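# Per-entry structural report
Chain residues, written in single-letter form:
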Protein chains: 2
Amino acid sequence: MVIKFICTGKTQEAYLITGIQLYIKRLKHYVRFEFIEIDIKKPLPDKLQQLKSESQSILKHCQPGDTLIFLDDKGKSYTSIKFAEWISKQLHKPGNLIFVAGSAYGFDAALVKDSPSISLSSFTFTHQMVRLIFVEQLYRAFTIIKNEKYHHE
Amino acid sequence: MVIKFICTGKTQEAYLITGIQLYIKRLKHYVRFEFIEIDIKKPLPDKLQQLKSESQSILKHCQPGDTLIFLDDKGKSYTSIKFAEWISKQLHKPGNLIFVAGSAYGFDAALVKDSPSISLSSFTFTHQMVRLIFVEQLYRAFTIIKNEKYHHE
């Protein structure tokens, strides 16, 4: 089983890339993990067409039987402990676990249909910073699953 | 009126310092802002004494009439818009606006008594990363107050 984290658009800020890579390195001690950035070179003028195009790029990294979870302001909120419990249950299921963070446009409606979504906060974060926050949260989840000392309530 | 953001302990990670400084620079276009890190050189062995000592250091930066707001997992959650509205109202009040982020120990009970607290998320973030997330959120609040294009719903 692989956990993939697919993001739309390249991470721009060097300081965020440093932080993201730090947590990816730590995360790989616990799980097979892939960080995938979908490069949007020239956004299409039509928003819906652009979302459709991003959706096709995202689906290239998915296989039948994979579980997709979208990071979305309107998604379900978790505590770090509850999220770790949820991840722990997914580890025993067949297929890969694929988290998707969208662009400023959001997601193609057909792509997210029937899929669960997670909200990191009631506050809105930048699309770039969400990547850092989420990889740290994934890392935290595995330290909780392994009963390590990283997380404090 | 000055907005102060008081954090317990030095920021360690260089990539976070870069990000925090970036948003502080942007924030200063809108408001007088001070980022204050309270240096804890040798934490006291007793947790309550340590919190009392941190509390005294925090209060050195506060004056009567200032409003203190604590960043706390169990605090009130806001959307970025609601937070901007709240900040906007505070700008017309006398005294400074002082946000406080604690250490892993939390806060001295006597310090937080009767003060409002804000929760950035139901997830737990690192004490260091909270600083970056919060300065971005403060910057975002001012772009919302000024009706600028940074924030998208």
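Preceding block: the structure.
Quantities reported herein were computed from a predicted structural model and do not represent experimental measurements.

## So, the interface of chain A and chain B
In this complex, chain A contributes 23 residues to the contact, which on the side of chain B involves 23 residues. The residue makeup of the side of chain A that touches chain B, split by class, is ten nonpolar, twelve polar and one charged.

## What to know about the environment of Tyr78 of chain B
Its location among the elements puts Tyr78 of chain B in the loop between β3 (67-77) and α3 (80-90). Among the residues examined, Tyr78 of chain B registers 20 C-beta atoms within 10 Å and is labelled buried. Sequence spacing of Tyr78 of chain B and Ile118 of chain B is 40 residues, and the spatial spacing of their C-alpha atoms is 7.7 Å. Apart from residues no more than four positions distant in its own chain, Tyr78 of chain B is found in contact with Ser122 and Phe123 of chain A together with Phe83, Trp86 and Ile118 of chain B.

## Here we look at the environment of Gly19 of chain B
Checked against the element boundaries, Gly19 of chain B lands in helix α1 (residues 14-27). Judged by C-beta crowding, with 27 C-beta atoms within 10 Å, Gly19 of chain B ranks as buried. Residues Gly19 of chain B and Glu136 of chain B lie 117 residues apart in sequence; the distance between their C-alpha atoms is 8.9 Å. With residues up to four places along the chain from it excluded, the contact list for Gly19 of chain B reads Tyr15 and Leu16 of chain A together with Leu132 of chain B.

## Re the relation of the copies chain A and chain B
Overlaying chain A with chain B gives an RMSD of 0.0 Å, the required rotation being 180° about an axis along which the chain moves by 0.0 Å. Such a turn and shift between the copies fits a two-fold axis.

## Re the packing of helix α1 (residues 14-27) of chain A against α1 of chain B
Packing of α1 of chain A against α1 of chain B leaves a shortest axis separation of 9 Å and a crossing angle of 145°. Note on packing geometry: the crossing formed by α1 of chain A with α1 of chain B is left-handed. Contacts between α1 of chain A and α1 of chain B involve Tyr15, Leu16, Thr18 and Gly19 of chain A from the former and Tyr15, Leu16, Thr18 and Gly19 of chain B from the latter. Residue composition of the contact of α1 of chain A with α1 of chain B, grouped by class: four nonpolar, four polar and no charged.

## Things to note about the packing of helix α3 (residues 80-90) of chain A against helix α5 (residues 129-145) of chain A
Residue and element names in this part refer to chain A. Across the interface, α3 lies against α5 with an axial gap of 8 Å and an inter-helix angle of 75°. It follows from the interaxial angle that α3 and α5 lie roughly perpendicular. Residue-level inspection shows Ser80, Ile81, Phe83, Ala84, Ile87 and Ser88 of α3 in contact with α5, the latter providing Gln137, Arg140, Ala141, Ile144 and Ile145. Counted by class, the contact of α3 with α5 contains seven nonpolar, three polar and one charged residues.

Criteria and thresholds
- Residues numbered from 1 in each chain as written.
- Chains lettered and ligands numbered in written order.
- Predicted model: local features only at pLDDT ≥ 70, side-chain atom pairs only at ≥ 80, totals over all residues.
- Contact = placed C-beta atoms within 7 Å.
- Nonpolar A, V, L, I, M, F, W, Y, C, P; charged D, E, K, R; others polar.
- Helix = DSSP H or I, 4+ residues; strand = E, 2+ residues; numbered from the N terminus.
- Buried ≥ 20, exposed ≤ 12 C-beta atoms within 10 Å, placed from the backbone.
- Least-squares fit on C-alpha atoms with pLDDT ≥ 70 in both.
- Axes fitted to C-alpha atoms, helices over the stretch in contact; angles between N-to-C directions.
- Left-handed = near helix turned anticlockwise from the far one by under 90°.
- Parallel < 35°, antiparallel > 145°, perpendicular 65-115°, else oblique.

It is worth stressing that arrangement in space is one thing and function is another; only the former is reported here.
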